[in-house]
Amino acid sequence: MSALPVVMQGVSFRYPGADRPALEDISVEVGEGELACVIGPNGGGKTTFIRLVLGLLHPQHGSIRVFGENPDAVRTRIGYLPQRLEFDPQFPVSVRDVVLMGRLHPRGLLGFFSRRDHERAGQALAEVGLPDLAERPFGSLSGGQRQRVLIARALACDPDLLVLDEPTASLDIAAEEQIYELLGRLNERLTVLVVSHDVSFVSSRVTKAICVNRHVHVHAHDQLSDEIIEGLYGRQIRTLHHTAADCCDDESHCSSADG
Amino acid sequence: MSEFFRIVQANPFLQYAVLAGLLASVAVGVVGSYVVVRRITYIAGSIAHCVLGGLGAARYLQVAWGLEWCEPFYGAIVAALLAAIVIGLVSIRARQREDTVIGALWAIGMAVGILFIHKTPGYSSDLMNYLFGNLLFVSRAELGLILGLDVLVVGLGLLFYKPFLAVCFDQEFARLRGVPVEAFYILLLCVTALTVVVLVKVVGIVLVIALLTLPVAISGRFMVSLRQLMLGAILFSATFTTGGLALSYEFDLPPGATIILLSGSIYLLSLTWPEP
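As the structure is a computational prediction, the values presented were derived from the model and not from experiment. (Residues numbered from 1 in each chain as written. Chains lettered and ligands numbered in written order. Predicted model: local features only at pLDDT ≥ 70, side-chain atom pairs only at ≥ 80, totals over all residues. Heavy atoms only, no water.)

We now examine the sheet that holds strand E3 (residues 35–39) of chain A. All names here are of chain A. Read from one edge of the open sheet, six strands run E5-E6-E7-E3-E8-E9, paired in mixed fashion. A single partner strand is all that each edge strand has here, and the edge strands are strand E5 (78–81) and strand E9 (215–220). This sheet shows a mean twist of 15 degrees between the axes of neighbouring strands, independent of strand direction. As judged from the four bridges shared by E3 and strand E8 (residues 208–213), these two strands associate in the parallel manner. Of the residues in E8, the one forming a bridge with Cys37 is Ala209. Where helix H1 (residues 46–54) meets the sheet, it contacts E3, E5, strand E6 (161–165), strand E7 (191–195) and E8, and its direction lies at approximately 145 degrees from that of E7. (Pairing = 2+ DSSP bridges. Helix = DSSP H or I, 4+ residues; strand = E, 2+ residues; numbered from the N terminus. Axes fitted to C-alpha atoms, helices over the stretch in contact; angles between N-to-C directions. Contact = heavy atoms within 4.5 Å.)

Here's what the structure looks like:
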C-alpha cells in the first residue's frame, strides 16, 4: 500500500527572529485522491503550511511525511503553483517555454527539451483548455490564462500531488469559476491541496477543509456538507467559527477569511 | 559604407577592429540577454569596476615585487570572479541588502585599483587603456581571446539552456524541480564576469555595459523567446559595432563613444515603434 500524500504530526514552525511560532503543534493527514482546501485568515500560516509540505521550510518540532518520505526527497512528485509569480511582463518567454519548465528534472538539465517533453507540455496545455496559445508570449495573456498556464506547468511535472497557493487571488469571478472547475476535474485523477480564501468553493467540492490560524483545525467533508452548504456566506464563516473555536483568534480575523 | 569596406580590406588595423566587434557581439548577445532578463545590469557594472582593483593589484605585484608572471589581466580575472561570487552569495543569503553590497563593491573595487596605481612605481597609463580600451588597437592574441570567450559562452548557453532559463524566470519553481538554483546563478554571474573582463580589455568598461544592455533592449521589443532575444541582440550588436566603426572612421571620432551613441540613439528610436 502506498503511503499517504501528506502526514504531519505535532509540527511547529517558527521563523527566525519571530517571537511566536507561525504554526504550532499541527497534525494533519491528506489522503490519496482528496481535494483538501487550506483556509484561514491572512497571516494565519497558510503559505507557511504549504512551504513545509514542499520542503522549502523545515519544522523545528514534529514530523512531516510526503508519500511516506522526507519532503525534500519527493519534491519532484509535487506539481506546484506559487501564490504570486514575481513576473516581468516583458520577460521573453512563450507559453510553451513556461509549461516546459515543468519538465525540468535534476537528472536532465543538459541540452534542450526532448520530443517527449514537448508532447507532455502540449497535453498539459490541452488539459487546462489552452491548446492554441502555445506560441503566444506569456506576458500577453490575461490573468486567468496565466494561472491556467502555470497550472499546466505544474501538470507537466507528472505530479502525484498538486499544490496550489491561492490560484484565484486577483482573478475575476468568471476566471475563478473556470479555475475551480478545472481543479475539480483534475481531482478525478490527482490528489489536490489548495489554499483558498473562497469559502463557497470550500463547501462545494472539497473533501477536507484545513483551517490554519497558527493552530490547525480539520473539518471533514460530511461536517462541511451538513453545517455549511445551506448557509449563506456570512453564516458559513460563523459556522466554521463555532465548530472550530481554536481556528480563529477573534471575529475580525475570522471574517477576513473570505476576503 | 561601401567605401568603408574598401578601406577595411586594405587596412589590417580596421580588419581586426571590425572582427573584434563581430566576435564580441556573440558573447554580449548571449550574456547580455541573461543580464537583462534577470535584471542584473547593475551587477555587471559593479563587476566591471572591481576589475580595476584586480588590474591595479596585479600590476603592483608585477612592478613593486618583481612577480613577472603576474599579468594585470590575471588580476582582473581573479577580481571579477571574486566579485561575482561575493555578489551571488549575498543575493542568495540576504536578498534585501543586495543592492548595497553591489554598490559597495563597485566603489571599493575602483578605490583599491586607484590606490595600487598610485603606489606602483612608474607611469601606469596602460591601466587606463584597460579601462577604456580601444577597438582600433586590438591584437591578434586578443581576437583569439574573444573567440575563446565566445566558445565558452555559447557552449554553456547551449548546455545549460534549460536551467538558466528556469533560474531567470522563476527561481523558486526551478528549486522545486531539483535545479541547483544557487550554483547556476553563481555560474551565470561568473560567466558575466569573464565576459566583462575579456571585453573590458578590448573595448573598455563603458562600451561593455552599453553592449550588454542596449542591443538586448532593442531586440526585446520584437522577440518573444530567450533564444530569439539572443540572436536578435547578436545581430544588433554586430550592426552597431561595425556601423559605429565606419562612422568613427568617416568623421574621425573615438570608436567606443561612437558605437555607444549609435546604439543609444537606435534604442531610443525603437521605443517609439509600436509593439509588434
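Contacts between the two partners involve 32 residues from chain A and, on the opposite side, 28 residues from chain B. Where chain A abuts chain B, roughly 2900 Å² becomes buried across the two surfaces, and 67% of that area is made up of carbon and sulfur atoms. A salt bridge links B:Glu172 to A:Arg51; the nearest nitrogen and oxygen atoms lie 2.7 Å apart. Taken together, chain A and chain B are joined by ten residue pairs in polar contact (both at pLDDT 80 or more). Within the residue set of the side of chain A that touches chain B, elements represented by two or more residues are H1, E5 and helix H3 (95–100) of chain A. A breakdown of the residues in the side of chain A that touches chain B according to their chemical character gives 21 nonpolar, six polar and five charged. (Buried area = accessible area lost by both parts, 1.4 Å probe. Salt bridge = Lys/Arg side-chain N within 4 Å of Asp/Glu carboxyl O. Polar contact = N/O pair within 3.5 Å; in protein donor to acceptor, adjacent residues only side chain to side chain. Nonpolar A, V, L, I, M, F, W, Y, C, P; charged D, E, K, R; others polar.)

Moving on, we get to the environment of A:Thr191. All names here are of chain A. By the secondary structure assignment, Thr191 is in strand E7. With relative accessibility at 1%, the residue Thr191 sits in the buried group. In the structure, Thr191 is positioned 155 residues away from Ala36 in sequence and 8.1 Å away in space, judged by C-alpha atoms. Residues within four places of Thr191 in sequence aside, it is in contact with Pro5, Val30, Gly31, Glu32, Gly33, Glu34, Asp160, Leu161 and Leu162. Of note is the side chain of Thr191, whose polar atom sits 2.9 Å from the backbone nitrogen of Gly33. (Buried < 20%, exposed > 50% of the residue type's maximum accessible area, 1.4 Å probe, protein only.)

Another aspect to go through is the packing of helix H1 (residues 2–10) of chain B against helix H12 (residues 226–251) of chain B. Each pair of packed helices can be described by the angle between their axes along with the distance between the axes. Residue and element names in this part refer to chain B. Between H1 and H12, the least distance of the axes is 10 Å, while the angle of their chain directions is 90 degrees. One way to sum up the angle between H1 and H12 is to call them roughly perpendicular. Counting all contacts with H1, which are made through Phe4, Phe5 and Ile7, the residues of H12 involved are Thr242, Leu245, Ala246 and Tyr249. Residues belonging to the contact of H1 with H12 are distributed by class as follows: six nonpolar, one polar and no charged. (Parallel < 35°, antiparallel > 145°, perpendicular 65-115°, else oblique.)

Describing an aromatic ring pair means giving the distance of the ring centres and the angle of the ring planes. All names here are of chain B. Tallied over the full model, the rule gives eleven aromatic pairs over all chains. With 5.5 Å between their ring centres and 40 degrees between their planes, Tyr42 and Trp106 make a pair best called tilted. With Tyr42 in helix H3 (residues 41–64) and Trp106 in helix H5 (residues 98–119), this residue pair connects regions lying 64 residues apart in the sequence. The class of Tyr42 is partly exposed, set by a relative accessible area of 42%. Overall, the relative accessible area of 27% leaves Trp106 in the partly exposed class. With a centroid separation of 5.1 Å and an interplanar angle of 75 degrees, the aromatic rings of Phe160 and Phe184 are classed as edge-to-face. Taken together, the residues Phe160 in the loop between helix H7 (140–159) and helix H8 (161–169) and Phe184 in helix H10 (residues 181–203) connect sequence positions 24 residues apart. Of the two residues, Phe160 and Phe184, neither departs from the other in class, the shared state being buried. An aromatic cluster is built from Tyr34, Phe160, Phe164 and Phe184, whose rings are joined through pairwise contacts. (Phe/Tyr/Trp six-rings, centres within 6.5 Å; stacked < 30°, edge-to-face > 60°.)

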